[in-house]
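# Overview (structure and organization)
What follows is the residue order along each chain.
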Amino acid sequence: MTHESESLDARRPRGPLLIGAIFVLMFGMFIGAIATTVLLRTSIGSAGDLKAREAIRLQALLDDPQGLASPDVASERAIAAFAHNWVVSTAAIDAVASQTERERLLEIARWLNATGALASREDAVSRWAMIAARCVEGHVDAPKDAANCVRDDMPNDVPIPEHLRQD
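This text gives an overview of the structure that appears in the document. (Residues numbered from 1 in each chain as written. Predicted model: local features only at pLDDT ≥ 70, side-chain atom pairs only at ≥ 80, totals over all residues. Heavy atoms only, no water.)

### A word on the overall build of the protein
Keep this limit in mind: Where helices and strands are cited, they refer to DSSP runs of H or I of at least four residues and of E of at least two residues respectively, numbered from the N terminus. The buried label applies to any residue whose accessible area, calculated with a 1.4 Å probe on protein chains only, is under 20% of its type's maximum; exposed applies above 50%, and partly exposed to all values in between. For this analysis, residues touch if any pair of their heavy atoms sits within 4.5 Å. Every accessible area reported is derived by Shrake-Rupley at a probe size of 1.4 Å, with residue values counting cover from the shown protein chains alone.
Broken down by element type, the protein carries 6 helices and 2 strands. Scored against the burial criterion, the 167 residues of the protein give a buried share of 20%. Put simply, 55% of the contacts in the protein that link residues at least 6 apart link residues at least 24 apart. Accessible surface, the protein as shown: approximately 12,500 Å² in total, 62% of it carbon and sulfur.

Right, here's the structure in full:
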């Protein structure tokens with residue numbers, strides 16, 4: 001029985017262990033709070049950044065030295081910007097993760113094909129936008145094929161940016 005009483009006397013105090021556990025728990029909560037704050041700020045900030053970029057691009061469509069551009073000029077700029085954005089988005093449709101966004105792009109392709117909205121325009125980007133619409137509608141279930149079709153069927157007279165030219 002002496003052995004049993006010695007083991008009870010030799011126990012270590014639990015106070016330091018309890019204090020250490022509380023410290024680790026509070027440190028974890030602190031790190032979690034910081035991480036949550038950063039993640040929330042990043043996601044909210046991303047939406048704000050996207051809206052800021054959109055406003056800047058839209059202002060460029062309306063800009064004129066005397067203030068607001070005439071309706072004809074603003075309309076022409078908006079159509080050209082739409083055609084360009086449409087081609088870029090369809091050339092990367094396989095990278096669009098959201099099924100809702102892909103469905104919306106398909107609806108736009110069907111609208112472009114049904115109405116011929118950009119068919120009467122003579123610029124290369126508008127012609128390419130119509131080609132892209134046919135590619136997207138022709139490859140509904142294969143976004144990779146649609147994206148490849150858009151890229152492969154680029155008209156020869158589309159201006160290539162300087163940084164992409166291979167001389």
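### Focus on the packing of aromatic side chains
Here is the rule we go by: Only Phe, Tyr and Trp rings are paired, with Trp represented by its six-membered ring, and only when their centres lie within 6.5 Å; those with planes under 30 degrees apart are stacked, over 60 edge-to-face, the remainder tilted.
All chains considered together, the criterion is met by 2 aromatic pairs. On the numbers, 6.5 Å between centres and 20° between planes, the contact of Phe23 with Phe27 is stacked. Here Phe23 pairs with Phe27, and both are found in helix α2 (residues 15-62), just 4 residues apart, close to one helical turn. Ring geometry for Phe82 versus Trp86: centroids 6.4 Å apart, planes at 20°, classification stacked. One end of the pair is Phe82 and the other is Trp86, both in helix α3 (residues 71-91) and 4 residues apart, which spans about a single turn.

### Side note on the state of the cysteines
Note the cut-off: Only a pair of cysteine sulfur atoms within 2.5 Å qualifies as a disulfide here.
Per the stated rule, a full pass over the model turns up 1 disulfide. Disulfide pairing is shown between Cys135 and Cys149; the S-S distance is 2.0 Å. The chirality of the disulfide connecting Cys135 with Cys149 is left-handed, given an S-S dihedral of about -55°. Note that Cys135 is positioned in helix α5 (residues 124-138) and Cys149 in helix α6 (residues 143-152), a separation of 14 residues in sequence. Of the two residues examined, Cys135 and Cys149, each falls in the buried class.

### A look at the environment of Asn85
Within the secondary structure layout, Asn85 lies in helix α3. Expressed as a C-alpha distance, the spacing of Asn85 and Ala129, which sit 44 residues apart in the sequence, is 9.0 Å.

### Description of the packing of helix α4 (residues 99-115) against α5
Applied cut-off: To obtain each axis, a line is fitted to C-alpha atoms, and for helices this fit is confined to the stretch in contact; angles are then taken between N-to-C directions over 0 to 180 degrees. Should an angle lie under 35 degrees it is considered roughly parallel, over 145 roughly antiparallel, and from 65 to 115 roughly perpendicular; all remaining angles are considered oblique. Less than a right angle of anticlockwise turn of the near helix away from the far helix marks a crossing as left-handed, whereas a clockwise turn marks it as right-handed. Residue polarity follows a fixed list, in which Ala, Val, Leu, Ile, Met, Phe, Trp, Tyr, Cys and Pro are nonpolar, Asp, Glu, Lys and Arg are charged, and the others, Gly among them, are polar.
Following both chains from N to C, one finds α4 and α5 inclined at 120°, their axes separated by 8 Å at the closest point. If you check the angle between α4 and α5, you find them oblique. Seen along the crossing, α4 lies across α5 with a hand that is left-handed. Residues Leu105, Leu106, Ala109, Arg110, Leu112 and Asn113 of α4 form the contact with α5, whose own contacting residues are Ala129, Met130, Ala133, Arg134, Val136 and Glu137. Per-class residue counts for the contact of α4 with α5 are 8 nonpolar, 1 polar and 3 charged.

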